[in-house]
Amino acid sequence: QVQLVESGGGLVQAGGSLRLSCAASGSIFKINAAGWYRQTPGNQRELVATITSGGFINYADSVKGRFTISRDNAKNTVYLQMNSLKPEDTAVYYCNAAVTTGSGWRRDYWGQGTQVTVSS
């Protein structure tokens, strides 16, 4: 079984920064692609940023130049550095990882979500 645990959310003023972490634990052989998504009430979950095992990165247009995704393969951890935060970045942020488990299965996993609130 694999678990993803997010941390680092909170309340910040507009223009501020937060760093989200997503730590994966369990029977992990390899984390393939990983990413961050966000969701606000009444809306679908949307992509924020993704990073492949080879380091290819993709960002939503709304966060380009402000957010940076990175990963530490040795720690099975993915990060999202969020700078110049705006009130419209307020959402629950979810971590997603495509994992090859120790038994060889490939599955998608989601974290429980962490709230980010940006005040104006």
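Quick note: structure is the one above.
Now for a description of the structure that goes with this document.

Focus: the state of the cysteines
Scanning the model with the defined rule gives 1 disulfide in all. A sulfur-sulfur separation of 2.0 Å characterises the disulfide bridge that pairs cysteine 22 with cysteine 95. Taking the sign of the torsion about the S-S bond as the criterion, the disulfide between cysteine 22 and cysteine 95, at about -80°, is left-handed. Residue cysteine 22 is found in strand β3 (residues 18–26), and its partner cysteine 95 is found in strand β9 (residues 91–101); the two are separated by 73 residues along the sequence. One exposure class covers both cysteine 22 and cysteine 95, and it is buried.

Quick look at the pairing of strand β5 (residues 46–51)
As defined by bridge partners, strand β4 (residues 28–39) adjoins β5 across 5 bridges and the pair is classed as antiparallel. Residue pairing in the sheet places arginine 38 in a bridge with glutamate 46 of β5. Where β4 folds back on β5, the antiparallel hairpin that results is connected by 6 residues, among which glycine 42 adopts a positive phi of roughly 80°. Note that β5 and strand β6 (residues 57–59) share 3 bridges and pair antiparallel. Residue alanine 49 lies in a different strand from β6, and its bridge partner there is tyrosine 59. Counted along the chain from β5 to the antiparallel partner β6, the turn is 5 residues long, and its residue glycine 55 has a positive phi close to 95°.

Focus: the packing of aromatic side chains
Counted by the stated rule, this structure contains 1 aromatic pair. Taking 5.1 Å as the distance between ring centres and 65° as the angle between the ring planes, the aromatic pair formed by tyrosine 37 and tryptophan 110 counts as edge-to-face. Residue tyrosine 37 is located in strand β4, and its partner tryptophan 110 is located in strand β10 (residues 106–110); the two are separated by 73 residues in the primary sequence. The partly exposed category is assigned to tryptophan 110, whose relative accessible area is 39%. Above the plane of the ring of tyrosine 79 lies arginine 19, whose end atom (NZ or CZ) is 4.0 Å from the centre. When the ring centre of tryptophan 110 is taken as origin, the NZ or CZ atom of arginine 45, which lies over that ring, is 4.7 Å away.

Thoughts on the sheet that holds β3
Within the open sheet, the 4 strands sit side by side as β1-β3-β8-β7. Their pairing is antiparallel. In this open sheet, the two strands that pair with only one neighbour each are β1 (2–7) and β7 (67–72). Put simply, the sheet's adjacent strands are angled 15° from each other on average, direction ignored. Of the strand pairs in this sheet, β3 and strand β8 (residues 77–82) are connected by 6 bridges, and their pairing is antiparallel. Considered in β8, the bridge of leucine 18 is made with methionine 82.

Rules used in this analysis
- Throughout, residues of each chain are indexed from 1 in the direction in which the sequence is written.
- Given that the model is predicted, a residue must reach a pLDDT of at least 70 before its local features are reported, and side-chain atom pairs must reach 80 or more before they are shown or counted; all residues, however, enter totals for whole chains, interfaces and linings.
- Note: side-chain values were computed over all heavy atoms of the structure, leaving out hydrogens and water.
- When two cysteine sulfur atoms are found within 2.5 Å, that pair is recorded as a disulfide.
- For the purposes of this entry, the term helix denotes a DSSP run of H or I that reaches at least four residues, the term strand denotes a run of E that reaches at least two, and both are numbered from the N terminus.
- A 1.4 Å probe rolled over the protein chains alone gives each residue an accessible area, and that area as a share of the maximum for its type sets the label: buried under 20%, exposed over 50%, partly exposed in between.
- Pairing between strands is defined by DSSP: at least two bridges between the two strands are required.
- Pairing of aromatic side chains here covers Phe, Tyr and the six-membered ring of Trp, requires ring centres within 6.5 Å, and sorts the geometry by plane angle: under 30 degrees stacked, over 60 edge-to-face, intermediate tilted.
- Two conditions define a charge located above a ring, namely a distance within 6 Å from the ring centre to NZ of Lys or CZ of Arg, and an angle within 35 degrees of the ring normal.
- Angles shown run from 0 to 180 degrees and are taken between the N-to-C directions of axes, each axis being a line fitted to C-alpha atoms and, for helices, limited to the stretch in contact.

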